[in-house]
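Tertiary structure, described
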Amino acid sequence: LWSYATGGPIDWATPTLGSDGTVYIGSQDNKLHALNGKTGDVIWSFETGDNVRSSATIGEDGTIFVGSDDHKLYALNPGDGSVKWQFTAGGDVSASPIVGADGTVYVGSHDRKMYALDSQTGTKKWEYLTGNHIHSSAALNEAQDTLYFGSADSKLYALNTANGQVRWSHATSGILESSPVIGPDATVYIGSWDHKLYAINGS
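Nothing here was measured: the structure is a model prediction, and the numbers come from that model.

Under the defined criterion, the tally for this structure stands at 5 salt bridges. The salt bridge partner of Glu 127 is Lys 113, with a shortest N-O separation of 2.9 Å. Taken together, the residues Glu 127 in strand S12 (residues 124-129) and Lys 113 in strand S11 (residues 113-118) connect sequence positions 14 residues apart. What makes Lys 113 partly exposed here is its relative accessible area of 23%.

Shown next as structure tokens:
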């Protein structure tokens with residue numbers, strides 16, 4: 001139907017589709033591009049200070065959240081790509097953010113931390129330090145107020161969403177850079193560099 005050329009490779013970023021048909025895609029040209037999903041025409045492009053390998057996430061009010069290797073998470077207005085706020089972490093933000101029902105944004109960084117931020121202001125609610133970088137997205141069980149994510153320290157973590165306190169962690173024998181998913185019975189599934197897929201009781 002169409003193709004759109006960015007100024008660099010598109011490697012880890014996955015396209016995100018808005019309810020109005022806009023497609024958002026990050027690139028190693030340091031930009032997040034917003035495209036018309038029917039024609040491929042560019043609506044706007046937002047330039048960060050480094051590669052955009054994070055996949056964008058859309059909030060309840062349409063705000064676009066995306067990370068960059070410039071160590072920042074950006075909250076952008078969907079109409080024109082202007083900045084609502086930005087949060088600076090201590091390392092690359094290649095993980096894709098997720099947004100909870102209460103508007104909290106959760107995102108990991110290569111500074112080894114998982115952050116919980118207010119979606120309206122970017123104010124930090126809490127942070128949790130792991131033993132290595134966090135590359136992938138988290139998964140949220142709203143019913144149990146629990147956030148699950150993997151770290152390159154080879155552990156899967158379950159945190160209390162209210163305060164960031166660890167509920168439990170499960171060690172594998174390989175680093176975790178894949179994103180977990182949660183089954184209907186609260187089982188958490190995640191793959192590891194040890195060649196194994198794990199199914200873990202999430203309760």
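On we go.
Attention shifts here to the sheet that holds S12. Adjacent strands of a sheet form backbone hydrogen bonds with each other and so pair up, either parallel or antiparallel. The 4 strands lie next to each other as S9-S10-S11-S12, forming an open sheet whose pairing is antiparallel. In the strand order of this sheet, the two ends are held by strand S9 (98-99) and S12, each with one partner. Sheet analysis places strand S10 (residues 104-108) next to S11, joined by 5 bridges and oriented antiparallel. In the strand pairing of S11, Thr 104 is matched with Asp 118.

Here we come to the sheet that holds strand S3 (residues 31-36). If you trace the 4 strands from one edge of the open sheet to the other, you get S1-S2-S3-S4, paired in antiparallel fashion. Looking at which strands have only one partner, the edges of the open sheet turn out to be strand S1 (16-17) and strand S4 (42-47). For S1 and strand S2 (residues 22-26), the ladder comprises 2 bridges, and the chain directions are antiparallel. In the sheet register, Thr 16 faces S2, and the bridge partner there is Tyr 24.

Looking now at a nonpolar patch on the surface. Taken together, Val 181, Tyr 189 and Leu 197 make up a surface patch of nonpolar side chains, about 300 Å² in accessible area. Mapped onto the elements, Tyr 189 comes out in strand S18 (residues 187-191).

The next subject is the pairing of S4. As paired strands, S3 and S4 are joined by 5 bridges and run antiparallel to one another. Across the sheet, residue Leu 35 finds its bridge partner in S4, namely Val 42. Between S3 and S4, which pair antiparallel and follow one another directly, the connecting turn spans 5 residues, one of which, Gly 40, has a positive phi of 80°.

Calculation rules
- Residues numbered from 1 in each chain as written.
- Predicted model: local features only at pLDDT ≥ 70, side-chain atom pairs only at ≥ 80, totals over all residues.
- Heavy atoms only, no water.
- Salt bridge = Lys/Arg side-chain N within 4 Å of Asp/Glu carboxyl O.
- Helix = DSSP H or I, 4+ residues; strand = E, 2+ residues; numbered from the N terminus.
- Buried < 20%, exposed > 50% of the residue type's maximum accessible area, 1.4 Å probe, protein only.
- Pairing = 2+ DSSP bridges.
- Patch = residues over 30% accessible without salt bridge, like charges linked within 9 Å, V, L, I, M, F, W, Y side chains within 5 Å.
- Areas by Shrake-Rupley, 256 points an atom, 1.4 Å probe, with all protein chains shown as cover.

All we've got here are geometric facts, nothing functional implied.
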